[in-house]
Amino acid sequence: MTLLQVQNLSVSYGNQRVLSDFSLTLNQGETVALIGSSGSGKTTAALALLGLLSPSARVDVRHATFEGIDLFPRHASPLLGHRIGCVFQDPRASLTPHIRVGDQIDEAFEVSGVPPADRRQKTVLLLDELGVPDARARSDAYPHELSGGLCQRVAIAMALAGMPACLVADEPTTALDVTVQIQVLKILRRMTEQRRVATLLISHDMGVVAALADRVIVLDHGSVVEEGTVSNVLESPRHPATQALLAHASIGGRQ
Amino acid sequence: MTSILEVKDVDVTFRPSGLPATRAVIGASLALRQGTSLALVGESGSGKTTLARAVLGLIPRDSGEIKVFGDALPKNPREVPLAMRRRMQPLFQDPGASLDPMWRVGDLLMEAMEVTGSVEQAQYDAEISIWMNALGLDRDLLTRRAHELSGGQKQRMALARALVTGAKLLVLDEPLTALDPPAQRAASELLLNLKRAHGISSLLVSHDIGLVRFLADDVAVMYRGRIVESGCTEDVLAKPKHPYTSLLLASVLPTQPLAARGRLASLPEDHVTEQPLAGCAFAPRCLHAIAKCHIDTPSLSAVPSGAGHAVACPVVV
């Protein structure tokens, strides 16, 4: 089932066009990765769909729907927090420093209409499912008392509390150690397999893309230059921009 | 070959007021040979950056000796003579942070030479040209300010600033993390060229195993403040002995989709735990731990038949 369909999305700031004619189809349970070097437009594309670009950005689009609902001109922002969940690079930036993490997840459940009496139990269950050890005690912690990996699990829990059909994950493991990254990737993989959540993944780590993505879209200077299945794009890259992205991964013969 | 940096039994403890003390580096010893690169790898909180900062004389150490180019580094950062600081230069993760945003980068390079007295004023221009060329930077960039440069250009300019001082030892703390893959590739090749063609030695702090494999001659793996394995890069990365080193290397995902998925599925669920009160710090996460791992703290001992390869694990040796 098609969840998200976008045709010819363009974004400009003044005279400068930062994204040109971007098109995307995202199906239920599918992971599509947007890759590209810094400034290629991958985060711009995601933020435009979420309605999170600054007001000075000019957005043009031919067609954009999520679950059949027109996204523009209202953008996806009314869907954020329940049908669409977001996970960003810096887990601590997604959390309010002076509120206990359990209360923050409770609030995400509140937004999606879960009755107050059930929220705490659901919070603990969700943290448990995400592999947070001693979840009940940890839900009373403040963000600064948790490691980066645990904070990212809390951020994922907040995104999942709304029972989203789609996750937008922008460099979700870039700030984490590789051993911790593995645990977060295992969670994301499990969410797509068990909950059939679709994921729009933004990453420049080709190992992460290889492990999670079904399809890959390569952006360069705001334009899509290559797209295809993950094995086609990563194993036989055609465009020089894709080859450059894969080159660093191979310098040390990263196994 | 002579060691230009020797670290022996160094301890660094942080004592924040009102909080319990943290032993960030415990009994660390290492030696960096002239013209080579030694990598410190490990997860955040393992003490690798703290050890690098102690080497730079930026933070005090509690005990142990550090010798830079044969001279003893004072324990107190305030007592480190300028002449010692000149011979080693840091390069940090955030390339912009090393460049004053108000200054044209050309003036920053001049100031670095003026402060360190590395070359005569008449030679400033020639010295700048040498390093701008070596780093593939266009001279037109000298009149720009930091915000007018790309991330890769900023990182190379920060390198140029370090090199015009005449330093022969660089302390590179996650030098590529802030760059995107094409810029990472270019920067890795530059760093290798600095070592090979210019004899620049480096202490590399990184968790990018690809960069370590590419640049470093020797590796020391840190876990919770201790060096748990060390040796030449080939031995440690191809034949890891310590269970933590093995886990770290297995966690670097291949870029072939089938292999990456297989690896992700095969790695065990693993929780980073509190520091145990006794025994090996990795024991609570370790699949090979035996009873004594929870009691005794293992010390580094030589791996039989591994030249210079040492590991702190009684189970695998």
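Since the model is a prediction, treat every value here as computed from it, not as a measurement.

Visitor: Requested: an account of the overall build of chain B, with residues and values cited.
Guide: The helix and strand inventory of chain B stands at 10 helices and 12 strands. Taken against the 2.2 N^0.38 rule, which gives 20 Å for 317 residues, the C-alpha radius of gyration of chain B at 21 Å falls within 12% of a compact globule. Oriented by its inertia axes, the alpha-carbon framework of chain B measures out at about 65 × 50 × 45 Å. Excluding contacts between residues fewer than 6 apart, the proportion of contacts in chain B whose partners are at least 24 apart in sequence is 60%. Carbon and sulfur atoms make up 52% of the accessible area of chain B, which amounts to about 14100 Å² in all. Looking at charge distribution, chain B has the averaged site of its 33 positive side-chain charges lying 3 Å from that of its 33 negative ones.

Visitor: Lay out the overall build of chain A with the relevant residues and their values.
Guide: Tallying secondary structure elements over chain A gives nine helices and 11 strands in all. Summarising its shape, the C-alpha atoms of chain A cover approximately 50 × 45 × 35 Å along the three principal directions. In chain A, buried positions account for 55% of the 255 residues. Accessible surface for chain A amounts to roughly 10300 Å². Of this, 48% is attributable to carbon and sulfur atoms. If you average the places of the 22 positive and of the 26 negative side-chain charges in chain A, the two averages end up 2 Å apart.

Visitor: Could you give me a rundown of the pairing of strand β9 (residues 198-202) of chain A, with the residues and numbers involved?
Guide: Residue and element names in this part refer to chain A. Counting buried positions along β9 gives five out of five residues, so the element sits mostly inside the fold. Burial along β9 is two-sided: Ala198, Leu200 and Ile202 and Thr199 and Leu201, pointing in opposite directions, are all buried. The pairing of strand β8 (residues 166-170) with β9 spans five bridges and is classified as parallel. Across the sheet, Cys166 pairs through a bridge with Ala198, a residue of β9. On the question of chirality, the crossover connecting β8 to the parallel β9 by way of helix α6 (residues 178-194) is right-handed.

Visitor: I'd like a rundown of the pattern of salt bridges, residues and numbers included.
Guide: Considering all chains together, one arrives at 21 salt bridges over all chains under this definition. Put simply, A:Arg58 and A:Asp60 hold a salt bridge, and the shortest N to O gap is 3.1 Å. We classify A:Arg58 as exposed; its relative accessible area is 53%. With its nearest N and O atoms 3.7 Å apart, the salt bridge here joins B:Asp235 to B:Lys239. When its relative accessible area of 14% is taken as the criterion, B:Asp235 is described as buried. A cluster of three or more residues bridged by salt bridges with shared partners is formed by A:Asp103, A:Asp106, A:Arg120 and A:Asp140.

Visitor: Account for the interface of chain A and chain B, with residues named and values stated.
Guide: Accessible area lost during the coming together of the parts is what is often quoted as the interface size. Taken residue by residue, the interface counts 42 residues in chain A and 38 residues in chain B. In this assembly, chain A packs against chain B so that about 3500 Å² is buried in total across both faces, 57% of it on carbon and sulfur atoms. There are two salt bridges connecting chain A and chain B. Of the charged contacts in the structure, one is a salt bridge between B:Arg261 and A:Asp214, with a shortest N-O distance of 3.9 Å.

Visitor: Give me the lowdown on the nonpolar core, citing residues and values where you can.
Guide: Of all hydrophobic cores here, the largest spans 116 residues; its most connected members are A:Val216 and B:Met157. Residues lining this core come from more than one domain, with at least three contributed by each of domain 1 (3-222) and domain 2 (242-311) of chain B. A:Val216 has contacts with A:Ala33, A:Ile35, A:Val209, A:Glu226, A:Glu227, A:Gly228, A:Val230 and A:Val233, leaving out every residue within four places of it along the chain. Counting 32 residues, the second largest nonpolar core, distinct from the first, contains A:Val11, A:Phe66, A:Ile84 and A:Leu219.

Visitor: Tell me about the state of the cysteines, and name the residues and values.
Guide: Residue and element names in this part refer to chain B. Summed over all chains, the structure comprises zero disulfides over all chains. Cys313 forms no disulfide, and the closest cysteine sulfur to it belongs to Cys293, at a distance of 5.9 Å. Cys313 sits in the buried class, given a relative accessible area of 9%.

Visitor: Can you break down a nonpolar patch on the surface residue by residue, with the values?
Guide: Taken together, the side chains of B:Ile290, B:Val315, B:Val316 and B:Val317 present a nonpolar region at the surface, about 270 Å² in accessible area. By the element assignment, B:Val317 lies in the segment after β12 (310-311).

Visitor: Tell me what's going on with the packing of aromatic side chains, and back it up with residues and numbers.
Guide: Residues and elements named next belong to chain B. Counted by the stated rule, this structure contains three aromatic pairs over all chains. Taking the centre distance of 4.7 Å and the plane angle of 50° together, the rings of Tyr223 and Tyr244 count as tilted. With a gap of 21 residues between them, Tyr223 in strand β9 (residues 218-223) and Tyr244 in helix α9 (residues 243-250) connect regions that are remote in the sequence. Residue Tyr223 is classed as buried on the basis of its relative accessible area, which comes to 2%. The class for Tyr244 is buried, based on a relative accessible area of 0%. Members of the aromatic cluster, joined through ring pairs, are Tyr223, Tyr244 and Phe282. Of note, Arg87 hangs over the ring of Phe69, and the distance from its end group to the ring centre comes to 4.2 Å.

Visitor: Any details on helix α4 (residues 124-134) of chain B? Residues and values, ideally.
Guide: Residues and elements named next belong to chain B. Residues of α4 that are buried: Tyr124, Glu127, Ile128, Trp131, Met132 and Ala134. An end-on view of α4 places all buried positions within 165° of arc, on one side of the element. Looking at the buried positions of α4, the neighbouring elements they touch are α3 (105-116), α5 (151-163) and α6 (181-198).

Visitor: Describe the domain arrangement of chain B, listing the residues and the values that go with them.
Guide: All names here are of chain B. In terms of domain boundaries, chain B breaks down into domain 1 (3-222) and domain 2 (242-311). Each of domain 1 and domain 2 has a C-alpha centre, and these two points are 29 Å apart. Across the domain 1 to domain 2 interface the summed buried area is about 510 Å²; carbon plus sulfur atoms make up 68%. When residues of domain 1 are sorted by the area they lose upon contact with domain 2, Glu43, Ile209 and Val221 head the list and together hold 76% of the total. For Arg285, the salt bridge goes to Glu43, with nearest N and O atoms at 3.4 Å. Our count for the domain 1 to domain 2 interface comes out at two residue pairs in polar contact (both at pLDDT 80 or more). For the side of domain 1 that touches domain 2, a count of residues per class yields four nonpolar, one polar and one charged.

Visitor: Now, about helix α10 (residues 257-266) of chain B: what can you tell me, with residues and values included?
Guide: Buried residues of α10(B): B:Pro257, B:Ala260, B:Arg263 and B:Leu264, and no others. Buried residues of α10(B) fall within an arc of 130° about the axis and therefore sit on the same side. Exposed positions of α10(B) whose direction lies more than 90 degrees from the buried face are B:Leu258, B:Ala265 and B:Ser266. Looking at the buried residues of α10(B), the elements they touch are α6, α7 (206-212) and α8 (230-235) of chain A together with α9 of chain B.

Visitor: Account for the sheet that holds strand β7 (residues 169-173) of chain B, naming residues and giving values.
Guide: All names here are of chain B. In space, the eight strands of this open sheet follow the order β6-β7-β8-β3-β9-β10-β12-β11, with mixed pairing throughout. Every interior strand has two partners, whereas the edge strands, β6 (88-91) and β11 (301-302), have only one. Lying over the sheet, helix α1 (residues 48-55) contacts β3 (37-41), β6, β7, β8 (201-205) and β9, oriented at roughly 150° with respect to β8.

Conventions used here
Residues numbered from 1 in each chain as written. Chains lettered and ligands numbered in written order. Predicted model: local features only at pLDDT ≥ 70, side-chain atom pairs only at ≥ 80, totals over all residues. Heavy atoms only, no water. Helix = DSSP H or I, 4+ residues; strand = E, 2+ residues; numbered from the N terminus. Rg over C-alpha atoms; globule rule 2.2 N^0.38 Å. Contact = heavy atoms within 4.5 Å. Areas by Shrake-Rupley, 256 points an atom, 1.4 Å probe, with all protein chains shown as cover. Lys, Arg positive; Asp, Glu negative; His and termini not counted. Charge placed at Lys NZ, Arg CZ, Asp CG, Glu CD. Buried < 20%, exposed > 50% of the residue type's maximum accessible area, 1.4 Å probe, protein only. Pairing = 2+ DSSP bridges. Right-handed = clockwise from strand over helix to strand, strands pointing away. Salt bridge = Lys/Arg side-chain N within 4 Å of Asp/Glu carboxyl O. Buried area = accessible area lost by both parts, 1.4 Å probe. Core = buried A, V, L, I, M, F, W, Y, C linked by side-chain atoms within 4.5 Å. Domains from an automatic or database assignment. Disulfide = S-S within 2.5 Å. Patch = residues over 30% accessible without salt bridge, like charges linked within 9 Å, V, L, I, M, F, W, Y side chains within 5 Å. Phe/Tyr/Trp six-rings, centres within 6.5 Å; stacked < 30°, edge-to-face > 60°. Lys NZ or Arg CZ within 6 Å of the ring centre and 35° of its normal. Arc of directions from axis to C-beta. Polar contact = N/O pair within 3.5 Å; in protein donor to acceptor, adjacent residues only side chain to side chain. Nonpolar A, V, L, I, M, F, W, Y, C, P; charged D, E, K, R; others polar. Axes fitted to C-alpha atoms, helices over the stretch in contact; angles between N-to-C directions.

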